[in-house]
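One-letter residues, chain by chain:
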Amino acid sequence: MKKGLSIIILLLFLFPTMASAHTKLVSSNPSNGQVITEPIKQITLEFEEALEQLGTIKLFKAGTTTAVTNVSIKGNKLIADLPNGIENGDYKVEWKVVSEDGHPVTGQIPFKVQLKQVENKTTDKSVKDQTPTKEKQKEATPKKERSKYLIPLIAIGLFGIALMVGGVVLWNRK
């Protein structure tokens, strides 16, 4: 009886530590809050881990869905082609993927399209160029996010498992 209870307790504490990792978005093009000033042809989302072949991308402009085509998953990237002639305005990408561990992960990326209009020579030159500075573009670019707590958490988890196994062994000796 004690042995069976010990094994059940050990398994209950062992599995939650193993199933807690979900993939995260590492980078995207367009990035969160980015102002697009040149035409783009694709949306590309890169994740920490490989993805299952179940992923969706939806593009919205002012609450209206804009068609994307050729949505595909290649390793750890979710890619979709944009329609030709994407117009200026505020957009939002909504995505959903399934990580290799089977957990669905979702998110949103707002961005703005502000393509330069072709000017003719009679146009007033007082229109200011609204291209963001390099500093603003750096802020909008997501950095590769690796958890600085990952190694300590793994070490603590392994130490906890070792303590539980030792406790079960000592408990069963009595």
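Our structure's up above, just so we're on the same page.
Now for a quick tour of the structure. (Residues numbered from 1 in each chain as written. Predicted model: local features only at pLDDT ≥ 70, side-chain atom pairs only at ≥ 80, totals over all residues. Heavy atoms only, no water.)

**Quick notes on the pairing of strand β7 (residues 77-81)**
Alignment of strand β3 (residues 42-47) against β7, held across 5 bridges, turns out to be antiparallel. Pairing of T44 across the sheet is with I79, part of β7. For strand β6 (residues 69-74) and β7, the ladder comprises 4 bridges, and the chain directions are antiparallel. Counted as the bridge partner of K74 is K77 from β7. (Pairing = 2+ DSSP bridges. Helix = DSSP H or I, 4+ residues; strand = E, 2+ residues; numbered from the N terminus.)

**Quick word on the nonpolar core**
Note that soluble globular proteins tend to have their nonpolar side chains buried in a common cluster. Counting 23 residues, the largest nonpolar core has I43, L45, I57, L59, L78, V93 and W95 as the members making the most contacts within it. Taken together, the elements giving at least two residues each to this core come down to β3, β4 (51-61), β7, β8 (89-99) and β9 (104-113). With residues up to four places along the chain from it excluded, the contact list for W95 reads L25, L45, F47, T56, I57, L78, V105, T106, G107, Q108 and I109. (Core = buried A, V, L, I, M, F, W, Y, C linked by side-chain atoms within 4.5 Å. Buried < 20%, exposed > 50% of the residue type's maximum accessible area, 1.4 Å probe, protein only. Contact = heavy atoms within 4.5 Å.)

**Quick notes on the packing of aromatic side chains**
What characterises a pair of aromatic rings is the spacing of the ring centres plus the angle enclosed by the ring planes. In this structure the tally under the stated criterion is 2 aromatic pairs. With a centroid separation of 5.0 Å and an interplanar angle of 70°, the aromatic rings of F47 and W95 are classed as edge-to-face. Taken together, the residues span a long stretch of sequence, with F47 in strand β3 and W95 in strand β8 at a distance of 48 residues. In terms of burial, F47 and W95 fall into one category: buried. Measuring from ring centre to ring centre gives 5.5 Å for Y91 and F111, while their planes differ by 15°; the resulting arrangement is stacked. Of this pair, Y91 sits in strand β8 while F111 sits in strand β9; the two residues are 20 residues apart in sequence, bridging distant segments of the chain. Taken as a pair, Y91 and F111 share a single burial class, namely buried. The side chain of K92 reaches across the aromatic face of F60, ending 5.8 Å from its centre. (Phe/Tyr/Trp six-rings, centres within 6.5 Å; stacked < 30°, edge-to-face > 60°. Lys NZ or Arg CZ within 6 Å of the ring centre and 35° of its normal.)

**Here we look at the environment of K77**
Structurally, K77 can be placed in strand β7. In this structure K77 comes out as partly exposed when scored by relative accessible area, which is 32%. For the pair K77 and S28, spaced 49 residues apart in the sequence, the C-alpha separation amounts to 9.3 Å. Apart from the residues within four sequence positions on either side, K77 is in contact with T44, L45, E46, L51 and S72.

**Here's the deal with the sheet that holds β9**
With mixed pairing, 5 strands are arranged side by side in an open sheet as β2-β9-β8-β4-β5. Both outer strands of the open sheet, β2 (35-36) and β5 (64-66), are each paired with one neighbouring strand and no more.

**Quick look at the sheet that holds β6**
What the 4 strands build is an open sheet, ordered β1-β3-β7-β6; its pairing is antiparallel. With partners counted over all chains shown, the strands left at the sheet margins are β1 (25-29) and β6, one partner each. Taking each pair of neighbouring strands and ignoring which way they run, the sheet shows an average axis angle of 10°. (Axes fitted to C-alpha atoms, helices over the stretch in contact; angles between N-to-C directions.)

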